[in-house]
Amino acid sequence: MEHNISQAVIRRVPRYYRYLGELLENGVERISSKELSERMQVTASQIRQDLNNFGGFGQQGYGYNVQFLYDEIGKILGLTKVHNVALFGVGNLGAAIANYVSFEKLPFRMVGLFDADPEKKGKKISGIEIQMVDEFEEFIRKHRVDIAVLTLPKDAAMPVAEYLVEHGVRAFWNFAHVDLVVPKDVVVENVHLSDSLMQLSYNMTDS
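Residues numbered from 1 in each chain as written. Predicted model: local features only at pLDDT ≥ 70, side-chain atom pairs only at ≥ 80, totals over all residues. Heavy atoms only, no water.

**Student:** Looking at this structure, how should I read the packing of helix α2 (residues 33–40) against helix α3 (residues 44–52)?
**Tutor:** The angle between the axes and the distance between the axes are what describe a pair of packed helices. Look at α2 against α3: their axes get within 8 Å of each other, and the N-to-C directions meet at 110°. Compared by their axis directions, α2 and α3 come out roughly perpendicular. From α2, S33, K34, L36 and S37 reach across to α3, where they touch A44, I47 and R48. For the contact of α2 with α3, the class distribution of residues is three nonpolar, two polar and two charged. (Axes fitted to C-alpha atoms, helices over the stretch in contact; angles between N-to-C directions. Helix = DSSP H or I, 4+ residues; strand = E, 2+ residues; numbered from the N terminus. Parallel < 35°, antiparallel > 145°, perpendicular 65-115°, else oblique. Contact = heavy atoms within 4.5 Å. Nonpolar A, V, L, I, M, F, W, Y, C, P; charged D, E, K, R; others polar.)

Written out as structure tokens, the structure is:
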């Protein structure tokens with residue numbers, strides 16, 4: 001991964017991947033930056049600038065080979081290998097995310113579900129049995145976990161994150177309403193749903 005590239009660019013790249021996937025499904029083999037810009041509602045120059053961060057990929061007068069660009073962006077995003085995912089906090093949101101990961105056409109595989117409520121133990125979501133959080137130490141001896149999803153109450157998220165880091169987890173998809181404090185070699189993607197709602201509220205408000 002090109003770590004010197006701005007986060008603003010990195011956050012746009014998955015959108016390119018999604019649109020290119022839709023183009024492939026519709027049988028489109030080639031597309032110009034102008035045509036792609038019209039579909040995505042961003043400028044053609046922005047698309048060219050973003051992709052030039054990774055080498056460009058286009059040919060003047062030809063545009064982009066959709067399959068090639070889709071594959072190359074997949075490599076950039078680390079989608080050439082399967083990432084094992086374990087989820088902690090199997091409430092309504094956790095269950096929805098577990099189902100989403102299981103059925104989304106991306107190389108993320110839900111391998112474990114964990115909760116602290118004994119009444120949930122043994123229940124299944126998408127064929128995966130819910131285990132107790134304190135069983136994770138035994139679980140990770142037998143299974144590789146690349147990403148931990150946290151859909152926990154605020155006060156539980158940090159202790160569980162610390163526990164998981166101690167047991168080798170190095171990436172978190174964090175839906176808990178708290179910013180995790182973790183070592184520098186641990187990657188965190190925070191998804192604060194309330195922040196998105198507040199941004200929506202701001203954009204609805206007359207200035």
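**Student:** In this structure, what is going on with helix α5 (residues 92–103)? I would like to understand it.
**Tutor:** For an α-helix, the turn length of 3.6 residues means that residues three or four places apart are oriented alike. For α5, spanning twelve residues, the distance from its first C-alpha to its last is 17 Å, which sits close to the expected 16 Å at 1.5 Å a residue. Buried within α5 we find G94, A95, I97, A98 and V101. Buried residues along α5 cover an arc of 165° about the axis, so they all sit on one side. Within α5, the exposed residues directed more than 90 degrees away from the buried face are N92 and F103. Where the residues of α5 are buried, they touch β3 (83–88), β4 (108–115), β5 (124–125), β7 (147–150) and β8 (171–174). (Expected span 1.5 Å × (residues − 1). Buried < 20%, exposed > 50% of the residue type's maximum accessible area, 1.4 Å probe, protein only. Arc of directions from axis to C-beta.)

**Student:** Would you explain the side chain of N84 in this entry?
**Tutor:** Following the sequence through the fold, N84 ends up in strand β3. Residue class for N84 comes out buried when judged on its relative accessible area of 4%. Other than its neighbours up to four places away in sequence, N84 contacts R109, V111, R144, V145, D146 and I147.

**Student:** What should I look at first to understand the pairing of β8 in this one?
**Tutor:** Regular strands place their side chains on alternate faces of the sheet. Where β7 lies against β8, three bridges are found, and the strand directions are parallel. Directly across from L150, in β8, lies its bridge partner N174. For the crossover from β7 across helix α7 (residues 154–166) to β8, the handedness is right-handed. (Pairing = 2+ DSSP bridges. Right-handed = clockwise from strand over helix to strand, strands pointing away.)

Read these as geometric descriptors, not functional statements.
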